[in-house]
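Understanding the architecture of this molecule
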Amino acid sequence: MNCHSAAAVLAARHIAVSFVAAVSAVGATVPLAAAEPVGAPTTAGRHVPPAADAVQGIPFTDATVTQRKNRSFTVSWKAPGVGSVTVYAGDRAVAHGGAEAIVTVRGLPAADRQWFRLVPDRGEPLTLADRSLHLQGAANLRDVGGCRTADGRWVKMGVLYRSNDLHALTDADLAKLQRLGIRTDFDLRMPSQRTKAPARVPAGARYIVADAFDARLRDGLSLSERDLERLREALLIG
């Protein structure tokens, strides 16, 4: 979407969040993808530290996963106060490091999206993937999760995505999005943009027009404290 003003950007964000909150508030599943990431590592092999050494919450202050062109992965993290961190892909430990490290993981089997579980020796683990889905037609389709909030929690990955150029998705892209569990597309564009470049959505996904420039739609949206709380619980961990 081409935004013509700061007000338009804020409106788009408000509408997107409002729709997500509204869906969550009525007890439906969180849109755009499963709240439990498809293909995410299980808890098998998870280290359980002694109670006396327990650290409350997720100790990571920074962590990222980056997929390289050669299909290797760079995993980095900072976790002050822990002794060590073990990185799992599926149920297999693939890397190990201290409280701060950058590691490279190679030789993993092909997957639509590779998930890593960072397990500290103290505190709760963190599950991450590369934020990009590496699509041919929409290279900028990215996970909005994987960020740390001001209060030390983390935004879940595999729940919400942002993108442009959905009209350019290839058939292979659509098949991949379907396998990844994408369920809803909120189109924030104006009518002229939607007409010029109609969005393509994976089979079985809902398509919802949420025009960020339509004042009637924007002004009619409001969030209750209960809606906001449900949204926070759906999107935040830690």
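The following refers to the structure shown. (Residues numbered from 1 in each chain as written. Predicted model: local features only at pLDDT ≥ 70, side-chain atom pairs only at ≥ 80, totals over all residues. Heavy atoms only, no water.)

**Brief notes about the overall build of the protein chain**
A count of helices and strands for the protein chain gives 5 helices and 13 strands. Looking at the protein chain residue by residue over its 238 residues, the buried ones come to 45%. Of the contacts made within the protein chain by residues no fewer than 6 positions apart, 62% connect residues no fewer than 24 positions apart. Of the accessible surface of the protein chain, which amounts to about 12200 Å², a share of 53% is contributed by carbon and sulfur atoms. (Helix = DSSP H or I, 4+ residues; strand = E, 2+ residues; numbered from the N terminus. Buried < 20%, exposed > 50% of the residue type's maximum accessible area, 1.4 Å probe, protein only. Contact = heavy atoms within 4.5 Å. Areas by Shrake-Rupley, 256 points an atom, 1.4 Å probe, with all protein chains shown as cover.)

**Digging into the sheet that holds strand β1 (residues 62-67)**
Pairing within the open sheet is antiparallel, and its 3 strands lie in the order β1-β2-β5. Bordering the open sheet on either side are β1 and β5 (100-105), each of which pairs with just one other strand. Neighbour to neighbour, the strand axes of the sheet diverge by 10 degrees on average, direction disregarded. By the bridge criterion, 6 bridges tie β1 to strand β2 (residues 73-78) in an arrangement that is antiparallel. Bridged to V65 within β2 is V75. (Pairing = 2+ DSSP bridges. Axes fitted to C-alpha atoms, helices over the stretch in contact; angles between N-to-C directions.)

**Observations concerning the nonpolar core**
Counting 25 residues, the largest nonpolar core has F60, V75, W77, F116 and L118 as its most contacted members. Listed by contribution, the elements that provide at least two residues to this core are β1, β2, β3 (85-89), β5, β6 (115-120) and β7 (126-129). By size, the runner-up hydrophobic cluster in this structure holds 11 residues, among which are L141, Y161, L169 and L177. (Core = buried A, V, L, I, M, F, W, Y, C linked by side-chain atoms within 4.5 Å.)

**Description of the side chain of T184**
Following the sequence through the fold, T184 ends up in strand β11 (residues 184-187). At 3.2 Å, the side chain of T184 and the side chain of R206 are in polar contact. (Polar contact = N/O pair within 3.5 Å; in protein donor to acceptor, adjacent residues only side chain to side chain.)

**Points about the sheet that holds β6**
Spatial strand order, β4-β3-β6-β7: 4 strands in an open sheet with antiparallel pairing. Across the chains shown, the open sheet's two edge strands, defined by having one partner strand only, are β4 (92-97) and β7. Neighbouring strand axes in the sheet, compared pairwise and without regard to direction, differ in orientation by 30 degrees on average. As judged from the 4 bridges shared by β6 and β7, these two strands associate in the antiparallel manner. Within the sheet, the bridge partner assigned to R117 lies in β7 and is T127.

**Topic: the environment of H167**
Relative to the helices and strands, H167 resides in the loop between β10 (161-162) and α2 (171-179). The exposure class of H167 is partly exposed, given its relative accessible area of 37%. Once you skip the residues sitting within four places of it in the chain, H167 turns out to touch A197, P198, A199 and R200.

**So, the side chain of T86**
Within the secondary structure layout, T86 lies in strand β3. Given a relative accessible area of 18%, T86 falls into the buried group. Side-chain polar atoms of T86 contact the side chain of H96, separated by 3.1 Å.

**A few points about the pattern of salt bridges**
Across all of its chains, the model carries 7 salt bridges by this definition. Between R113 and D143 there is a salt bridge; the shortest N-O distance is 3.0 Å. Separated by 30 residues along the polypeptide, R113 in the loop between β5 and β6 and D143 in strand β8 (residues 142-143) bring together distant segments of the chain. Take D143: its relative accessible area is 0%, and that puts it in the buried class. One salt bridge in this structure joins D211 and R194, with 3.8 Å as the shortest N-O distance. A residue pair is termed long-range when its members are at least 10 positions apart, and D211 in the loop between β12 (206-209) and α4 (215-219) and R194 in helix α3 (residues 191-196) qualify at 17 residues. The burial state of D211 is the same as that of R194; both residues are buried. (Salt bridge = Lys/Arg side-chain N within 4 Å of Asp/Glu carboxyl O.)

**Some thoughts on the pairing of β11**
Neither face of β11 is open: one carries T184 and F186, the other D185 and D187, and all of them are buried. Pairing analysis gives 4 bridges linking β11 to β12, with the strands arranged parallel. From the neighbouring strand, T184 faces β12, where its bridge partner is R206. Note on the crossover from β11 through α3 to β12: the handedness is right-handed. (Right-handed = clockwise from strand over helix to strand, strands pointing away.)

**Remarks on unusual backbone geometry**
Outside of glycine, negative phi angles account for most residues, and trans bonds account for most peptide bonds. Even without glycine at this site, R71 takes up a positive phi of about 70 degrees. With respect to the helices and strands, the residue R71 is situated in the loop between β1 and β2. Phi is positive for H134, close to 55 degrees, though the residue is something other than glycine. Inspection of the secondary structure assignment puts H134 in the loop between β7 and β8. Classification of H134 by relative accessible area gives partly exposed; the value is 39%.

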